[in-house]
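Residues per chain are reported as follows:
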Protein chains: 2
Amino acid sequence: MVNKKSSPLRKEFAENIRKFRMRSGLTQEQLAGEAKLHRTYIGTVERGEQNISIDNIYKIAKALKIPAKELLTTS
Amino acid sequence: MVNKKSSPLRKEFAENIRKFRMRSGLTQEQLAGEAKLHRTYIGTVERGEQNISIDNIYKIAKALKIPAKELLTTS
């Protein structure tokens, strides 16, 4: 469950990760492998449950082959 | 000292924070006050020593009155 104190940015980020991952045709497991993160971690990120750090944002953006700022772009 | 394993994104973020803070004419202390973070924390962020979380990125962007993605834009 998403912490009530989590930022609106976290929610946008979560939605963007899922959007770009699906656009790339990657499963959560494949993205995790590319980013050298754990599959279950990617799942919690996509549900907005993680207060993800900038270094992990970088790993995911790199794995998705997009600039990190794209992941913080609000719709 | 910056951890050797820190991401290049962290360094860009650090430089951007300082740039936008100075452009706004804010001291680290004033930015900290606006963002409800500690002054010394802002200092460590600007030196790239913090693996800052997305919720704190949001607080700082809000305090600087800019979209969060601006802080992740590489020069």
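Treat the numbers as computed from the prediction; the structure is a model and nothing was measured.

Turning our eyes to something else, we now look at the confidence of the model for chain A. Residues and elements named next belong to chain A. In the predicted model, chain A carries a mean pLDDT of 93, and 93% of its residues have values of at least 70. Per-element confidence in chain A ranges from a low mean pLDDT of 95 for helix 5 (residues 68–71) to a high of 98 for helix 2 (residues 28–35). In the model output, the complex is listed with pTM 0.91 alongside ipTM 0.90.

This next bit is on the relation of the copies chain B and chain A. Aligned on chain A, chain B shows an RMSD of 0.0 Å; the corresponding rotation is 180° and the shift along the axis is 0.0 Å. Such a combination of rotation and displacement between the chain copies is what one expects of a two-fold axis. Across chain B, the smallest distance between a C-alpha and the rotation axis is recorded for B:Ser53, namely 2.0 Å.

Of all residues except glycine, most have a negative phi; of all peptide bonds, most are trans. Residue and element names in this part refer to chain B. In the Ramachandran plot, Lys36 falls in the positive-phi region, its phi being about 55° despite a non-glycine side chain. In this fold, Lys36 is placed in the loop between helix 2 (28–35) and helix 3 (39–46). At Lys65, a residue that is not glycine, the phi angle is positive and equals roughly 60°. With respect to the helices and strands, Lys65 occurs in the loop between helix 4 (54–64) and helix 5 (68–71).

Glancing now at the packing of helix 2 of chain A against helix 4 (residues 54–64) of chain A. Residue and element names in this part refer to chain A. At a minimum axis distance of 8 Å, the contact between helix 2 and helix 4 shows a crossing angle of 110°. Considered as vectors, helix 2 and helix 4 are oriented roughly perpendicular to each other. By crossing handedness, the relation of helix 2 to helix 4 is classed as right-handed. Of the residues in helix 4, those in contact with Leu31, Glu34 and Ala35 of helix 2 are Lys59, Ile60 and Ala63. Class assignment of the residues belonging to the contact of helix 2 with helix 4 gives a composition of 4 nonpolar, no polar and 2 charged.

So, on to the environment of B:Glu15. Within the element layout of this structure, B:Glu15 appears in helix 1 (residues 8–23). When the C-alpha positions of B:Glu15 and B:Asn56 are compared, they lie 16 Å apart, and in sequence the two are 41 residues distant.

Conventions used here
Residues numbered from 1 in each chain as written. Chains lettered and ligands numbered in written order. Predicted model: local features only at pLDDT ≥ 70, side-chain atom pairs only at ≥ 80, totals over all residues. pLDDT = per-residue confidence, 0-100. Helix = DSSP H or I, 4+ residues; strand = E, 2+ residues; numbered from the N terminus. Least-squares fit on C-alpha atoms with pLDDT ≥ 70 in both. Axes fitted to C-alpha atoms, helices over the stretch in contact; angles between N-to-C directions. Parallel < 35°, antiparallel > 145°, perpendicular 65-115°, else oblique. Left-handed = near helix turned anticlockwise from the far one by under 90°. Contact = placed C-beta atoms within 7 Å. Nonpolar A, V, L, I, M, F, W, Y, C, P; charged D, E, K, R; others polar.

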